[in-house]
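In case you want the letters, here they are:
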Amino acid sequence: MSDREFGGNDDLSLPKATVQKIITEILHSDPGVTFAKDTRDLLIECCVEFITLISSEANEIAEKEAKKTIACEHVKAALEELDFGDYVPAILEVAADYKKQQANREKKQTKIEQSGMTEEELIRQQQELFRSATDKFNSGPQ
């Protein structure tokens, strides 16, 4: 499966700086080894192709189950279907870590919570603002 099958979208890519950082971290333990820019670009193209392949297969699996959202189990099934089953344990571990991070993440306060006012105070303030706006509107241009 190639980009041509998806409308020839040339805009699909990964951030070069991020990929370069990953490459640098991997090669850090092997001094004297360099990674040419055209090789990095080829690696990016391969990664995009891999992601496209897996996501397309996962989408087909989700559609067969009449699901509109691709879930972790669809990606797992896609990896297994495409003979990348060796990646499944690592993917499931990353997914579990992500769920833990999301559960432990502090929830953002809503604007209502940030105001420090009670619901009754906010309603009263809103009614006063509406009253003020209505009076201004009804008084006409000045």
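Per an unreviewed UniProt entry, the protein chain is named NCT transcriptional regulatory complex subunit B, and its organism is Glonium stellatum. As stated in UniProt under Function (unreviewed entry), the record for the protein chain gives "Part of the NCT transcriptional regulatory complex that acts as a key regulator of ergosterol biosynthesis and the azole exporter cdr1B. The NCT complex binds the promoters of genes linked to azole susceptibility, and especially represses the expression of cdr1B transporter." Per UniProt, the comment on the protein chain under Subcellular location (unreviewed entry) is "Nucleus".

Trainee: Please give an account of the overall build of the protein chain that cites residues and values.
Mentor: Looking only at helices and strands, the protein chain has 6 helices and 0 strands in total. Along the protein chain, from the amino end to the carboxyl end, the secondary structure elements read α-α-α-α-α-α. Whereas a compact globule of 142 residues would reach a radius of gyration of roughly 14 Å, the protein chain reaches 26 Å, over 25% beyond that. Principal-axis analysis of the C-alpha atoms gives the protein chain an extent of 75 × 45 × 35 Å. Out of the 142 residues in the protein chain, the part that is buried amounts to 12%. When the accessible surface of the protein chain is split by element, carbon and sulfur atoms take 54% of a total near 12000 Å².

Trainee: Summarise the packing of aromatic side chains; cite the residues concerned and give the values.
Mentor: All told, the structure shown has 3 aromatic pairs when counted by the stated rule. Plain terms: the ring middles of F50 and Y87 are 6.1 Å apart, the flat faces sit at 55° to each other, and that makes the pair tilted. In this pair, F50 is assigned in helix 2 (residues 37–64) and Y87 in the loop between helix 3 (72–81) and helix 4 (88–104), connecting sequence segments 37 residues apart. We classify Y87 as partly exposed; its relative accessible area is 46%. Ring centres 6.0 Å apart and planes at 50° place the aromatic pair F84 and Y87 in the tilted group. An aromatic cluster of at least three residues, connected via ring pairs, comprises F50, F84 and Y87.

Trainee: Kindly report on the nonpolar core, identifying the contributing residues and their values.
Mentor: Formed by I54, A58, I61, A78, L79 and V88, the largest nonpolar core amounts to 6 residues. Secondary structure elements with two or more residues in this core: helix 2 and helix 3. In this structure V88 touches K76, L79 and E80, once residues within four positions along its chain are discounted.

Trainee: Describe in detail the environment of A78, supporting the description with residues and values.
Mentor: Assignment of secondary structure puts A78 in helix 3. As for A78 and V88, which are separated by 10 residues in sequence, their C-alpha atoms are 9.8 Å apart. Beyond its immediate sequence surroundings of up to four residues, A78 is in contact with I54, E57, A58 and I61.

Trainee: Mind laying out the environment of F35, listing which residues take part and the relevant values?
Mentor: Along the chain, F35 falls in the loop between helix 1 (16–27) and helix 2. Note on F35: relative accessible area 31%, which makes it partly exposed.

Trainee: Could you give me a rundown of helix 2, with the residues and numbers involved?
Mentor: If you check helix 2, its first and last C-alpha atoms are 41 Å apart, about what 28 residues at 1.5 Å a residue would give, namely 40 Å. On the buried face of helix 2, the contacting elements are helix 1 and helix 3. Backbone geometry just after helix 2 places A66 at a positive phi near 60°.

Calculation notes
- Residues numbered from 1 in each chain as written.
- Predicted model: local features only at pLDDT ≥ 70, side-chain atom pairs only at ≥ 80, totals over all residues.
- Heavy atoms only, no water.
- UniProt positions renumbered as here; feature names shortened; annotations may be inferred.
- Helix = DSSP H or I, 4+ residues; strand = E, 2+ residues; numbered from the N terminus.
- Rg over C-alpha atoms; globule rule 2.2 N^0.38 Å.
- Buried < 20%, exposed > 50% of the residue type's maximum accessible area, 1.4 Å probe, protein only.
- Areas by Shrake-Rupley, 256 points an atom, 1.4 Å probe, with all protein chains shown as cover.
- Phe/Tyr/Trp six-rings, centres within 6.5 Å; stacked < 30°, edge-to-face > 60°.
- Core = buried A, V, L, I, M, F, W, Y, C linked by side-chain atoms within 4.5 Å.
- Contact = heavy atoms within 4.5 Å.
- Expected span 1.5 Å × (residues − 1).

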